[in-house]
Amino acid sequence: MTPRATLRLQFHKGFTFADAEALVPYFAALGVSHLYASPITTARAGSLHGYDVTDPTQVSPELGGETALKRLVDALRREKLGLIVDIVPNHMAATLENAWWVDVLRNGQDSRYARWFDIDWEPGTVFLPWLGKPAADVTAKEVDALNLPKPGAYRLGWWRTASDRINWRRFFDINELVCLRMEDDEAFEAAHAMIARLYAEGTIDGVRVDHIDGLADPAGYCRKLRQRLDPTNPARPYLVVEKILLRGETLPAEWGCDGTTGYDFMDEVSALQHDPAGEPVLAEAWATLSGRPADFATEEEAARREIIARSFSAPLEACIAAFHPGKDSDLSRPALRRALTELLVHFPVYRGYGTAGDAQFLRQAAEAAKKTGLPGDRWVIDWLHGRMRAPGGAVTRFQQLSSPVAAKSVEDTAFYRYGKLLSRNDVGFDVERFGDTAADFHARMQRRQATQPHGLLATATHDHKRGEDSRARLAVLSEKPEEWTRRQARWIEQCALLRTGGMPDPGDIAMLLQMIVGAWPLDLALEDTVGRATFAQRLAGWQQKALREAKLKSDWADPDTAYETAAQDLLHRLVVDEAAPALRAEIFAFIQEITPAGAINGLSQTLLRLTAPGVPDLYQGTELWDFSLVDPDNRRPVDFVLRQKMLGAETTLASWRDGAIKQKLIVQALALRRALPDLFAEGSYEPVKVEGRLTDHIVAFMRRHKSDAVLTVVPRLPGTLIRNSADLSLDLQDTRLSLSDDMKLFNALDDRSTPITSRNVALQQVFTRWPLALFSTRKP
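Given the structure is predicted, the values throughout are model-derived calculations rather than measurements. (Residues numbered from 1 in each chain as written. Predicted model: local features only at pLDDT ≥ 70, side-chain atom pairs only at ≥ 80, totals over all residues. Heavy atoms only, no water.)

Asker: With reference to specific residues and values, describe the overall build of the protein chain.
Answerer: Counting secondary structure elements, the protein chain contains 26 helices and 25 strands. Here the C-alpha radius of gyration of the protein chain, 27 Å, is about what a compact globule of 780 residues would show, namely 28 Å. Across its three principal directions, the C-alpha atoms of the protein chain cover 80 × 70 × 55 Å. Scored against the burial criterion, the 780 residues of the protein chain give a buried share of 61%. If you take every contact in the protein chain between residues at least 6 apart in sequence, the share linking residues at least 24 apart comes to 74%. In the structure as shown, the protein chain presents an accessible area of about 28500 Å², 50% of it carried by carbon and sulfur atoms. In the protein chain, 95 positive and 105 negative side-chain charges are present, and the distance between their average locations comes to 2 Å. (Helix = DSSP H or I, 4+ residues; strand = E, 2+ residues; numbered from the N terminus. Rg over C-alpha atoms; globule rule 2.2 N^0.38 Å. Buried < 20%, exposed > 50% of the residue type's maximum accessible area, 1.4 Å probe, protein only. Contact = heavy atoms within 4.5 Å. Areas by Shrake-Rupley, 256 points an atom, 1.4 Å probe, with all protein chains shown as cover. Lys, Arg positive; Asp, Glu negative; His and termini not counted. Charge placed at Lys NZ, Arg CZ, Asp CG, Glu CD.)

This is how it looks when you write it as structure tokens:
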């Protein structure tokens, strides 16, 4: 069962199953085939995301429980829609709300759940980093206030010492999340029994697996999950996994899943919209104004070393112990520590899996490690390299460590330190690949067709750093790097009077300017003081998180309130106050200059997502323009009332600023997917040749299945192509498409236009009332 298109919803106590039930007719009218729900199992009280599971055996009461879930599904079935749910097999909440965890804390190794959690029992007890100050300074009364089980098989400690002392695997470095052992059959059954029952009853049609790289054996887990969901037909459930693919990596075929959750597609379409020629200018400008490295690789390496030391010391020691041959060996623990650290620093993808596909990545890591490590440790690296080729045991420890090290170092640290152009810093992005050509994109889509034709296609998620249309607007800066870097440098100079004691640094100001330029709402007028204050409040949330994640001037563990206050004061002086109205007006004017090209990029990435090989995923609310910031901003309540009013209302490109044109594009493209399901599920991907002066600016491809065909044409790097910003029309003279054979193609977006009947087609005939095109052999 393959969905036609999904719509992701974030459930919590403020948006329940009943709220979604009332919106089912709207979701059906959009044209999706399935809702795609955030975790539905019981999580910590008040959880806004559901990934801190406390009981996977019941549907969350805060969301309405199983009764409300069944009512939602009944409403979906009436509209011929299905449901896919997010599951969290890697971890649970390590809190007193988790009965399994409490039983372990009370009974230790005698608990029936002791094997279910990834705990090193050598010390005999569980280390709990629950104290707010050194243990020696904590009174008995303060310990009693924590309500810990008594008696218990645990030892309390100061939370600051957790990374050095913890003896259980955490999700990343979060003390409130403990990892599970899905390789244990009892743990697997307990975690999946309810989900399997819901599938057997027809309540759900498939699952999205969160953080698959945290598991000991992802391939074995996927096969086991399929068998548990549908023993008679394991291939039937729809199964996608949250997996980040980097540096040419492909989803392992032996996993037997339908694909990834779509971060890789988000990266591919983003790279297409960035001009590779702009990278050197942007990189040099960033290095000059910030004093940081011009290349991301240097920033990433430094972040990896720091993160290993500050967040993963205890897991690294466990990994060393697993590899150490014994006390009589020439291989010392300090040597192993140095060598394993170098391998973790240089591992080019998130993790290996003990298969032949690991070979190139292990080789790259070993070669780099021998260059940066001590010469005397090269034999140790060679020894480890040899050991890494065999799966299981110590190698699994390394694999389960390399993934969180990569995530915390790249996504949660280096991305916040590197400001060349923030639109290329997002979850799953290969930052070292700044931009792609049309030919590059075609090659990636053909590989996608071959490796995961039914994987999700995402351009916005609950984890993105910037909204899809913010990234699309910032991408325009890559087309005019010299102009942008001049403006950026001048604006930073003009911010001198807005700083406090020389704070914040120029690099932090540069990132703030990019966020203002990228995320300024289309309906926010310069003179709207209330609207500016609201925008500044949202930016302040992003700014605090960015400063703390970067860990350069502030930190979650040790916030520098003086620096953060200075940064927030500059933000308010720039956006809200009247400290620099001329500078604000200049920034606003520049935003208006690039906004039309950004909107075209936004529409183009939407159409690519809806027609490329795979299953398009629509993140909640992004059927209109999406200028959201990092979470929690990207999980704000959605104004579905507005979206329902817009649906079906007459709209044209002349009113593109309200976003209704984006919603109309989604509805029309999904209607075509509904009319031609086999073509989009199984059809070929064929690049279409572009001839003339705009060959670098047009991406065209054909999808075919039997006698049906669909033609998609979008512009790239549209900044110099716009003829009229009022209606986003383009100057497309002297450029043609060369189709491979004769066929009659009808315009799926404009039924008043003339069909295509020849192989050689002028772009003016293709782009009629839209700055992009979608044609089909199926007459509207």
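Asker: Quick one: what's the story with the sheet that holds strand S6 (residues 91–93), residue by residue and with numbers?
Answerer: Here we have 3 strands laid out as an open sheet, ordered S6-S10-S9, and antiparallel in their pairing. In this open sheet, the two edge strands, each paired with only one partner strand, are S6 and strand S9 (170–171). Across 2 bridges, S9 lies against strand S10 (residues 174–179) in antiparallel orientation. Opposite Arg170, over in S10, you have Val178 as the bridge partner. (Pairing = 2+ DSSP bridges.)

Asker: So what's going on with the environment of Arg292? Residues and values would help.
Answerer: Looking at the element boundaries, Arg292 is found in the loop between helix H9 (279–290) and helix H10 (296–311). Accessibility expressed as a relative area gives 26% for Arg292, which makes it partly exposed. Those residues within four positions of Arg292 in sequence are excluded, and the remaining contacts are Trp286, Ala287, Glu299, Arg417 and Leu552. At 2.5 Å, the side chain of Arg292 and the side chain of Glu299 are in polar contact. (Polar contact = N/O pair within 3.5 Å; in protein donor to acceptor, adjacent residues only side chain to side chain.)

Asker: Explain helix H13 (residues 359–372) residue by residue, including any values.
Answerer: Along its 14 residues, H13 runs 20 Å from first to last C-alpha, staying within 8% of the 20 Å computed at 1.5 Å per residue. Here H13 has its buried residues at Phe361, Leu362, Ala365, Ala366 and Ala369. Buried residues of H13, viewed axially, fall in a sector of 130 degrees; they line one side. At its buried positions, H13 is contacted by helix H12 (333–346) and helix H14 (378–387). (Expected span 1.5 Å × (residues − 1). Arc of directions from axis to C-beta.)

Asker: Describe the sheet that holds strand S5 (residues 82–87), and please don't skip the residues or the numbers.
Answerer: Strand order in the open sheet formed by 8 strands is S13-S12-S11-S5-S2-S1-S15-S14, with parallel pairing between adjacent strands. Strand pairing shows two members of the sheet lacking a second neighbour, strand S13 (259–260) and strand S14 (456–457), which therefore form its edges. As paired elements, strand S12 (residues 238–241) and S13 share 2 bridges and run parallel to each other. Across the sheet, residue Val241 finds its bridge partner in S13, namely Thr260.

Asker: So, the packing of aromatic side chains: which residues are in play, and what are the values?
Answerer: Counted according to the given criterion, the structure contains 23 aromatic pairs. Centroid distance Tyr26 to Phe640: 6.2 Å. Interplanar angle 65 degrees. Geometry classified as edge-to-face. A residue pair is termed long-range when its members are at least 10 positions apart, and Tyr26 in helix H1 (residues 17–30) and Phe640 in helix H23 (residues 640–646) qualify at 614 residues. What makes Phe640 buried here is its relative accessible area of 6%. Connected via pairs of aromatic rings, a cluster forms that spans Phe11, Phe15, Phe17, Tyr26, Phe27 and Phe640. Between the NZ or CZ atom of Arg8 and the centre of the ring of Tyr36, over which it lies, the distance is 4.8 Å. (Phe/Tyr/Trp six-rings, centres within 6.5 Å; stacked < 30°, edge-to-face > 60°. Lys NZ or Arg CZ within 6 Å of the ring centre and 35° of its normal.)

Asker: Can you lay out helix H6 (residues 185–200) for me, pointing to particular residues and giving the numbers?
Answerer: At His192, H6 is deflected by roughly 50 degrees, the largest bend along its length. Those residues of H6 that sit buried are Ala187, Phe188, Ala190, Ala191, His192, Met194, Ile195, Ala196, Leu198 and Tyr199. One or two residues past the end of H6 sits Gly202, with phi positive at roughly 85 degrees. (Bend = angle between axes of the 7 residues up to and from the residue.)

Asker: How would you explain the pairing of strand S18 (residues 698–705) if you had to name every residue and give the values?
Answerer: Of all 8 residues making up S18, 8 are buried, and the element is well covered by its neighbours. Neither face of S18 is exposed, since Ile698, Ala700, Met702 and Arg704 on one face and Val699, Phe701, Arg703 and His705 on the opposite face are all buried. In terms of strand pairing, strand S16 (residues 684–687) meets S18 through 4 bridges, oriented antiparallel. Each bridged residue has a counterpart across the sheet, and for Tyr685 the counterpart in S18 is Arg703. Sheet topology places S18 next to strand S19 (residues 708–715); 8 bridges connect them, and they run antiparallel. Within the sheet, the bridge partner assigned to Arg704 lies in S19 and is Ala709.

Asker: Give me the lowdown on the environment of Phe640, citing residues and values where you can.
Answerer: Separated by 490 residues in the primary sequence, Phe640 and Lys150 place their C-alpha atoms 49 Å from one another. Once you skip the residues sitting within four places of it in the chain, Phe640 turns out to touch Leu9, Phe15, Leu23, Tyr26, Phe27 and Glu623.

Asker: So, the pattern of salt bridges: which residues are in play, and what are the values?
Answerer: Inspection of every chain in the model, using the stated rule, returns 70 salt bridges. Arg448 is the salt-bridge partner of Asp264, the closest N and O atoms lying 2.7 Å from each other. Here the residue Asp264 occupies a position in helix H8 (residues 263–272), and Arg448 occupies one in helix H16 (residues 438–451), the gap between them amounting to 184 residues. Each member of the pair, Asp264 as well as Arg448, carries the same accessibility label: buried. The network of salt bridges with common partners includes Asp267, Arg424, Asp430, Arg433, Asp436 and Arg444. (Salt bridge = Lys/Arg side-chain N within 4 Å of Asp/Glu carboxyl O.)

Asker: If you had to explain the layout of surface pockets to someone new, which residues and values would you point to?
Answerer: One number sums up the size of the second largest pocket: a volume of about 760 Å³. For the second largest pocket, the lining is made up of 28 residues, of which Arg538, Trp625, Phe627, Arg636 and Arg643 are closest to its centre. For the lining of the second largest pocket, the elements supplying multiple residues, two or more each, are helix H20 (529–550) and H23. Looking at the lining of the second largest pocket element by element, the count peaks at 4 residues for H20. Class assignment of the residues belonging to the lining of the second largest pocket gives a composition of 11 nonpolar, 8 polar and 9 charged. (1 Å grid on protein atoms, 1.4 Å probe; cavity = no way out; pocket = protein on both sides within 12 Å on 5 of 7 lines; lining within 4 Å. Points joined across faces, edges and corners; volume = space filled by probe spheres on them. Nonpolar A, V, L, I, M, F, W, Y, C, P; charged D, E, K, R; others polar.)

Asker: I'd like a rundown of the environment of Thr413, residues and numbers included.
Answerer: Here Thr413 is to be found in the loop between helix H15 (394–411) and H16. Overall, Thr413 belongs to the buried group, its relative accessible area being 0%. Remark: the alpha-carbon pair of Thr413 and Glu549, spanning 136 residues in sequence, is separated by 5.4 Å. Contact partners of Thr413, with chain neighbours within four places excluded, come to Ala303, Ile307, Lys408, Glu549, Ala550 and Lys551. In terms of polar contacts, Thr413 uses its side chain to reach the side chain of Lys551, at 2.8 Å.

Asker: Describe in detail unusual backbone geometry, supporting the description with residues and values.
Answerer: Of note, the amide linkage connecting Lys150 to Pro151 takes the cis form, showing an omega dihedral of -10 degrees. Considering the arrangement of structural elements, one finds Pro151 in the loop between helix H4 (140–144) and strand S8 (154–158). A cis amide bond, omega 10 degrees, links Asp631 with the succeeding residue Pro632. On the secondary structure map, Pro632 appears in the loop between strand S15 (615–619) and H23. The backbone of Arg247 shows a phi angle near 50 degrees, a positive value even though the residue is not glycine. Along the chain, the position of Arg247 falls in the loop between S12 and S13. Looking at Arg247, the relative accessible area reads 31%, which means it is partly exposed. The backbone of Leu728 shows a phi angle near 60 degrees, a positive value even though the residue is not glycine.

Asker: So what's going on with the pairing of strand S11 (residues 206–209)? Residues and values would help.
Answerer: Of the two faces of S11, the one holding Gly206 and Arg208 and the one holding Val207 and Val209 are both buried throughout. In this sheet, S12 lies alongside S11 in parallel orientation, the contact comprising 4 bridges. Among the inter-strand pairings, Val207 is bridged to a residue of S12, identified as Leu239. With respect to chirality, the unit in which S11 leads through helix H7 (residues 218–229) into the neighbouring parallel S12 is right-handed. (Right-handed = clockwise from strand over helix to strand, strands pointing away.)

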